[in-house]
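Secondary and tertiary structure notes
Residues per chain, in single letters:
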Amino acid sequence: MTRNIAIDSKKNTGVRVCVLGAAGGIGQPLSLTLKMNPHVRELSLYDVSPHVPGVAADLSHIDTPAKVTWHTPETGGLKAALEGCDFVLIPAGIPRKPGMSRDDLFKINAGICAELAAGIAQYSASATVLVISNPVNSTVPVFAEVLKKHGVFNPRKLFGVTTLDSVRADTFIHEIKPDLPWGLIKVIGGHSGDTIVPLLSTVLGKEIDRVPNEKLHAVNHRVQYGGDEIIQAKKGAGSSTLSMAYAAYKFFTTVLNSYLGLTDKNVACTFINTEYDDDALDGVSELKDLVKKLTNRPDMKLKYFAMPCVFGPNGIERVEYECLETLDKTEVDMVNICCETLASNYSKGVDFVNGK
Ligand code: NAD
Ligand code: LMR
């Protein structure tokens, strides 16, 4: 009952959303999309950059209800930015340049993420947190560990944003199969190179046998390494920003509309903590059992994984483990490779916070 009253009042009054890293390449277009959402009551923009007041001033002229506020470490800091927030989106941190791996960003971005996570723990512990900063496979564990240390971690409300992988998979498969329905491809695993596992069989079904193997392989490879394509095209001026802002907003609206009870279309893929069993997250035990079976590793302790999840007013309601029951041979091989890399990626984030 209390929950329904809370949702209804949010439906009427809207939500407070904070963007940490709002003056950056992703932060600016993402903030633009958020300003356009009628359910956003206040858009709180935070950055260490002196450009954040200008971004806020610019957005504030847009004729939508969201009030735009800005904050820097010198003016109100994380406290002013985060207090009372329902959602926090985090594109703070350095992007790749040509020749770099996402892992090369870890040292700097892990420190930034740990600092921002401590702020969230202190000032907006019940907010839903969407992590965009790379390397996602390691920065999400950094967030989780810091939130755990403060005793406020909720696995239903912490997400690594992997939507760009699903967006790319959809785009690239349509280049060879234009008649397919849109928006159905699940991309699981993680968000870098061979940890990205597009499940093309979920959308192609029996058609998959009619698509030449080289074409399927090319789509998989392009989804896994699509980030590199953008970095090369931008010639040192950063990585994906516009497609990423679009993808983050797409994911945000799924989570927001589920939170407000506004939609039945409440499934999206995201990178989540899978340490806990079914009492914390429905479907996680089945997910872990299936991954053990697929990798033939009965002792595997899967701690993080991107999966399609069903969202509701309290975050994730259920992990859709069933997609793992029908993988084809190529996809099983990809899950095996993914799990090897992923384990070292997430350990890096956990060890960073725990000082190992
Ligand atoms: P950018 O350099 O243009 O912007 C980053 C912003 O973060 C800057 O404005 C900077 O001032 C700010 N910042 C740095 N330290 C901060 C701190 N302590 N607190 C608040 N703000 C801080 O970079 P970008 O292109 O916007 O990319 C941001 C991050 O997103 C990168 O790590 C990039 O790799 C990642 N990314 C992730 C995905 C994904 O699919 N998850 C896609 C694209 C990029
Ligand atoms: C992407 O996939 O485009 C992002 O993760 C940015 C990057 O570093 O490739």
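Now for a description of the structure that goes with this document. For clarity, every value in this text was computed on a predicted model and none was experimentally measured.

A word on the site of ligand 1. Among the 28 residues in the neighbourhood of ligand 1, the closest are listed as G25, I26, D47, I94 and I132. Within the backbone of I132, a nitrogen or oxygen atom sits 3.1 Å from a nitrogen atom of ligand 1. V161 is positioned with one of its backbone polar atoms (N or O) 3.2 Å from a nitrogen atom of ligand 1. Taken by itself ligand 1 offers 870 Å² of open surface, and the protein chains cover 88% of this. Given that more than half its atoms are within 2 Å of the pocket grid, ligand 1 belongs to the largest pocket. The element best represented in the shell around ligand 1 is helix α5 (residues 106-123), accounting for 4 residues. Tallied by class, residues from the shell around ligand 1 come to 15 nonpolar, 11 polar and 2 charged.

Here the focus is the packing of helix α6 (residues 136-149) against helix α13 (residues 329-354). It is the contact of α6 with α13, at a shortest axis distance of 8 Å, that shows an interaxial angle of 35°. The two elements α6 and α13 cross, and the hand of that crossing is right-handed. For the pair α6 and α13, the contacting residues are N137, S138, P141, V142, E145, V146 and K149 in the first and L342, N345, Y346, K348, G349, V350, F352, V353 and N354 in the second. The residue inventory of the contact of α6 with α13, partitioned by class, reads 8 nonpolar, 5 polar and 3 charged.

Turning next to the pattern of salt bridges. Counted according to the given criterion, the structure contains 13 salt bridges. With a shortest N-O distance of 3.0 Å, E83 and K79 are connected by a salt bridge. What makes K79 partly exposed here is its relative accessible area of 42%. Residues E340 and R297 are paired through a salt bridge, measuring 3.3 Å at the closest nitrogen-oxygen approach. A residue pair is termed long-range when its members are at least 10 positions apart, and E340 in helix α13 and R297 in the loop between α12 (284-295) and β10 (304-312) qualify at 43 residues. Take E340: its relative accessible area is 52%, and that puts it in the exposed class. It is possible to trace a salt-bridge network through shared partners that takes in E145, K148 and E275.

Moving on, we come to the site of ligand 2. Around ligand 2, the neighbouring residues are R96, R102, N134, L164, R168, H191, G227, I231, S239 and S240. Measuring from an oxygen atom of ligand 2, one finds a side-chain N or O atom of R96 at 2.7 Å. With respect to ligand 2, the side chain of R102 contributes an N or O atom lying 2.9 Å from an oxygen atom. For ligand 2, whose unbound accessible area comes to 260 Å², protein coverage reaches 96%. Among the cavities detected, the one that contains ligand 2 is the largest pocket. For the shell around ligand 2, the secondary structure elements donating two or more residues are α7 (163-176) and α10 (226-233). In terms of residue class, the shell around ligand 2 is made up of 2 nonpolar, 5 polar and 3 charged.

What counts, and at which threshold
Starting from 1, residues in each chain are numbered consecutively following that chain's sequence as written. To label them, take the chains in the order written and letter them from A, then take the ligands in the order written and number them from 1. Given that this is a predicted model, residues contribute local features only at a pLDDT of at least 70 and side-chain atom pairs are listed and counted only at 80 or more, while totals for whole chains, interfaces and linings are drawn from all residues. With hydrogens and water set aside, each side-chain value is computed from the structure's full complement of heavy atoms. Residues are labelled near a given molecule or strand when at least one of their non-hydrogen atoms is within 4 Å of it. Polar contact criterion, stated in full: a pair of N or O atoms within 3.5 Å, where within protein one must be able to donate a hydrogen and the other to accept it, and residues adjacent in sequence count only if both atoms are side-chain atoms. The method behind every accessible area is Shrake-Rupley, applied with a 1.4 Å probe, and residues are considered shielded solely by the protein chains displayed. In this analysis a 1.4 Å probe is tested at points of a 1 Å grid over the protein atoms alone, and where it fits but cannot get out there is a cavity; an open set with protein on both sides within 12 Å along at least five of seven lines is a pocket; lining residues have an atom within 4 Å of a point. To decide whether a molecule occupies a pocket or cavity, check its atoms: if more than half lie within 2 Å of the grid points, it is inside. Only DSSP runs of H or I reaching four residues or more are called helices, and only runs of E reaching two or more are called strands; each is numbered from the N terminus. Residues were grouped as follows: Ala, Val, Leu, Ile, Met, Phe, Trp, Tyr, Cys and Pro as nonpolar; Asp, Glu, Lys and Arg as charged; and all remaining residues, including Gly, as polar. Working convention: axes come from line fits to C-alpha atoms, limited for helices to the stretch in contact. Angles between N-to-C directions cover 0 to 180 degrees. Helix crossings get a hand from a simple test, with the near helix turned counterclockwise from the far one by less than a right angle marking a left-handed crossing and a clockwise turn marking a right-handed one. By the convention used here, residues are in contact when the closest approach between their heavy atoms is within 4.5 Å. Salt bridge, as applied in this entry: a Lys or Arg side-chain nitrogen positioned within 4 Å of an Asp or Glu carboxyl oxygen. Remark: exposure states derive from per-residue accessible area (1.4 Å probe, protein chains only) relative to the maximum for the residue type, with buried under 20%, exposed over 50%, and partly exposed in between.

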